[in-house]
Amino acid sequence: MSLKRTTKFAILGCGVIAEVHANAIHAVEEAELVAVCESDEGKGRAFADKHGGRLYLKFEDMLQNDEIEVVCICTPSGYHAEQTIRAARAGKHVVVEKPMAILIEDAHRMIQECRQQGVLLATIFPRRMSPAAQYVKQFIADGRLGKLSLCDAYVKIYRSQQYYDSAGWRGTWHIDGGGSMMNQGIHTVDLLQWLVGPVESVYGRASTQLRQIEVEDTAVSLLRFRNGAMGVMEITTTVYPDLGQRLEIHGERGTIVYKEDDIELLKVNGEAVELPSFEPFQVIPDGHRIQLRDMALAVQEQRAPVVPGEEGIHALEIILGTYASSKLQREVELGKPGGFGA
């Protein structure tokens, strides 16, 4: 009896999120970690000793390893685009952490290059993997809330000044790409648009209220969805104690309140909806484990991953649109040439 094939993974960057990727790969029988790359030799050696895989100090050296099929890019956001393109040109499939890029044009370049090279591109949005989120997605798609009217997202969490000071790239435009929206809030921004539908325009304000950083620690956006619904997003890293993330989705027949990857309230026509029993889910580690297993199988089955690179653009547009709107002091149309600055 032959053993199941395993898809061979490598990890670029051995920071905090790389630990999550390594643990997820080890938890999946269809995947195997064969290499890691980190320019800091001491940091990389400790990571490789803990998780296995051959250590490389240079990305170009690791890309020459023909055994590697998928590269997980776990580096600071501003590096994602060029590293993805280099991996694709070496014939490697790519899993890229959020945000996939910090500029829309870079995200398009990544997608185009991977398509041209015939490799898969997946972006990490683990909150979509929650069984409760999948249920809400189908519930709305089935029209059970009726016409949607107001659909809001709130991310009120805490990051200290020490957090931003802990790494030189945090809180910078050129590498972090933004603050509370781009780094922390992007998961909830993505979840809102994935559940409700595409956003047509934003009118936003982003500012630095309390932290000593280049980028925003607080942002508010007024959204207009393609389906006619309106929405508000409030995203900050200045709330103490941490209140977490919450979505409120209202339609003509009822309301869904979705908090921290679970359904807090679901009523239709004034009556509570009886919910199924969901499998236990924690965004870390379960979300990454599900996505990396899917990527391993997508490579083997030659199909698209569950969250392809094209899906990474939507949240990025909303966030960059908010930044542009704040700067220009006007409503910004999304998905249109010149919409961010014309």
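What counts, and at which threshold
Residues numbered from 1 in each chain as written. Predicted model: local features only at pLDDT ≥ 70, side-chain atom pairs only at ≥ 80, totals over all residues. Heavy atoms only, no water. Helix = DSSP H or I, 4+ residues; strand = E, 2+ residues; numbered from the N terminus. Rg over C-alpha atoms; globule rule 2.2 N^0.38 Å. Buried < 20%, exposed > 50% of the residue type's maximum accessible area, 1.4 Å probe, protein only. Areas by Shrake-Rupley, 256 points an atom, 1.4 Å probe, with all protein chains shown as cover. Axes fitted to C-alpha atoms, helices over the stretch in contact; angles between N-to-C directions. Parallel < 35°, antiparallel > 145°, perpendicular 65-115°, else oblique. Left-handed = near helix turned anticlockwise from the far one by under 90°. Contact = heavy atoms within 4.5 Å. Nonpolar A, V, L, I, M, F, W, Y, C, P; charged D, E, K, R; others polar. Core = buried A, V, L, I, M, F, W, Y, C linked by side-chain atoms within 4.5 Å. Pairing = 2+ DSSP bridges. Arc of directions from axis to C-beta. Patch = residues over 30% accessible without salt bridge, like charges linked within 9 Å, V, L, I, M, F, W, Y side chains within 5 Å. Salt bridge = Lys/Arg side-chain N within 4 Å of Asp/Glu carboxyl O. Phe/Tyr/Trp six-rings, centres within 6.5 Å; stacked < 30°, edge-to-face > 60°. Lys NZ or Arg CZ within 6 Å of the ring centre and 35° of its normal.

Our next topic: the overall build of the chain. Regarding its fold elements, the chain presents 10 helices and 15 strands. Over its C-alpha atoms the chain spans a radius of gyration of 20 Å, differing by no more than 12% from the 20 Å that the globule rule assigns to 342 residues. For the chain, the spread of C-alpha atoms along the three principal axes comes to 55 × 50 × 40 Å. When burial is assessed residue by residue, the chain has 57% of its 342 residues classed as buried. As displayed, the chain has an accessible area near 15400 Å², and 49% of this comes from carbon and sulfur atoms.

A pair of packed helices is captured by two measures, namely the crossing angle of their axes and the spacing between those axes. Helix H2 (residues 41-51) packs onto helix H1 (residues 16-26) with a crossing angle of 20° between their chain directions and a minimal axis gap of 11 Å. In terms of orientation, H1 and H2 fall into the roughly parallel class. Judged by the twist between their axes, the crossing of H1 over H2 is right-handed. Residues Ala18, Glu19, Ala22, Asn23 and His26 of H1 form the contact with H2, whose participating residues are Phe47, Lys50 and His51. Here the contact of H1 with H2 is built from residues that sort into three nonpolar, three polar and two charged.

What follows covers unusual backbone geometry. With omega at -20°, the peptide bond leading from Lys98 into Pro99 counts as cis. Mapped onto the elements, Pro99 comes out in the loop between strand E5 (93-96) and helix H5 (104-117). Cis rather than trans, the peptide bond between Ile284 and Pro285 has omega equal to 20°. You can see Pro285 is positioned in helix H9 (residues 283-301). Positive phi outside glycine occurs at Gln302, with the angle close to 55°. Relative to the helices and strands, Gln302 is located in the loop between H9 and helix H10 (312-328).

Axis separation between helix H8 (residues 180-196) and H10 bottoms out at 8 Å; the angle between their running directions is 120°. When the axes of H8 and H10 are compared, the pair comes out oblique. Along this stretch, H8 crosses H10, giving a crossing that reads as right-handed. For the pair formed by H8 and H10, the contact residues are Met181, Met182, Ile186, Val189, Asp190 and Gln193 on the first element and His314, Ala315, Leu316, Ile318, Ile319, Leu320, Thr322 and Tyr323 on the second. The residue inventory of the contact of H8 with H10, partitioned by class, reads 10 nonpolar, three polar and one charged.

Moving on: the nonpolar core. Of all hydrophobic cores here, the largest spans 77 residues; its most connected members are Met62, Met100, Leu192, Leu195, Ile249, Ile256 and Tyr258. It is H8 that provides the largest number of residues to this core, a total of nine residues. Look past the residues within four positions of Ile256 in its chain and what remains in contact with it is Val136, Phe139, Ile140, Leu145, Leu247, Glu248, Ile249, Leu265 and Leu266.

Taking strand neighbours across the sheet as the criterion, the six strands line up as E3-E2-E1-E4-E5-E6 in an open arrangement whose pairing is parallel. The two strands at the open ends of the sheet, each matched to only one other strand, are strand E3 (54-56) and strand E6 (121-123). For this sheet the average axis-to-axis angle between neighbouring strands, irrespective of direction, equals 25°. As paired strands, strand E1 (residues 7-12) and strand E4 (residues 70-73) are joined by four bridges and run parallel to one another. Bridged to Ala10 within E4 is Val71. Packed onto the sheet, H2 meets E1, strand E2 (31-37) and E3 and runs at close to 165° relative to E3.

Now for H2. Residues of H2 that are buried include every one of Gly44, Phe47, Ala48 and His51, and no others. Buried residues in H2, looked at end-on, bunch into an arc of 95°, giving them a common side. The exposed residues of H2 that point more than 90 degrees off its buried face are Gly42, Asp49 and Lys50. Taken together, the buried residues of H2 touch E1, H1, E2 and E3.

Attention now moves to the side chain of Thr237. Turning to its location among the elements, Thr237 is positioned in the loop between strand E10 (230-236) and strand E11 (244-251). What Thr237 contacts, discounting residues up to four positions off in sequence, is Ile157, Tyr158, Arg159, Tyr164, Ser180, Gln184, Arg211 and Asp217.

Taken together, Leu150, Tyr203, Leu222 and Met230 make up a surface patch of nonpolar side chains, about 340 Å² in accessible area. Its place among the elements puts Leu222 in strand E9 (residues 218-225). Taking the relative accessible area as the measure of exposure, Leu222 reaches 39% and is therefore partly exposed.

What follows concerns the packing of aromatic side chains. The final tally for this structure, using the stated rule, is five aromatic pairs. Centroid distance Tyr135 to Phe278: 5.6 Å. Interplanar angle 65°. Geometry classified as edge-to-face. One end of the pair, Tyr135, is in helix H6 (residues 131-141); the other, Phe278, is in the loop between strand E14 (271-272) and H9, with 143 residues separating them in the sequence. Note on Tyr158 and Tyr240: the rings are 4.9 Å apart at their centroids and 65° apart in plane angle, and the pair reads as edge-to-face. You can see Tyr158 sitting in the loop between strand E7 (148-156) and helix H7 (161-165) and its partner Tyr240 sitting in the loop between E10 and E11, a full 82 residues away along the chain. Residue classification places Tyr158 among the partly exposed positions, given a relative accessible area of 31%. An aromatic cluster is built from Tyr135, Phe139 and Phe278, whose rings are joined through pairwise contacts. Above the ring of Tyr163, the side-chain terminus of Arg159 is found at 5.5 Å from the ring centroid.

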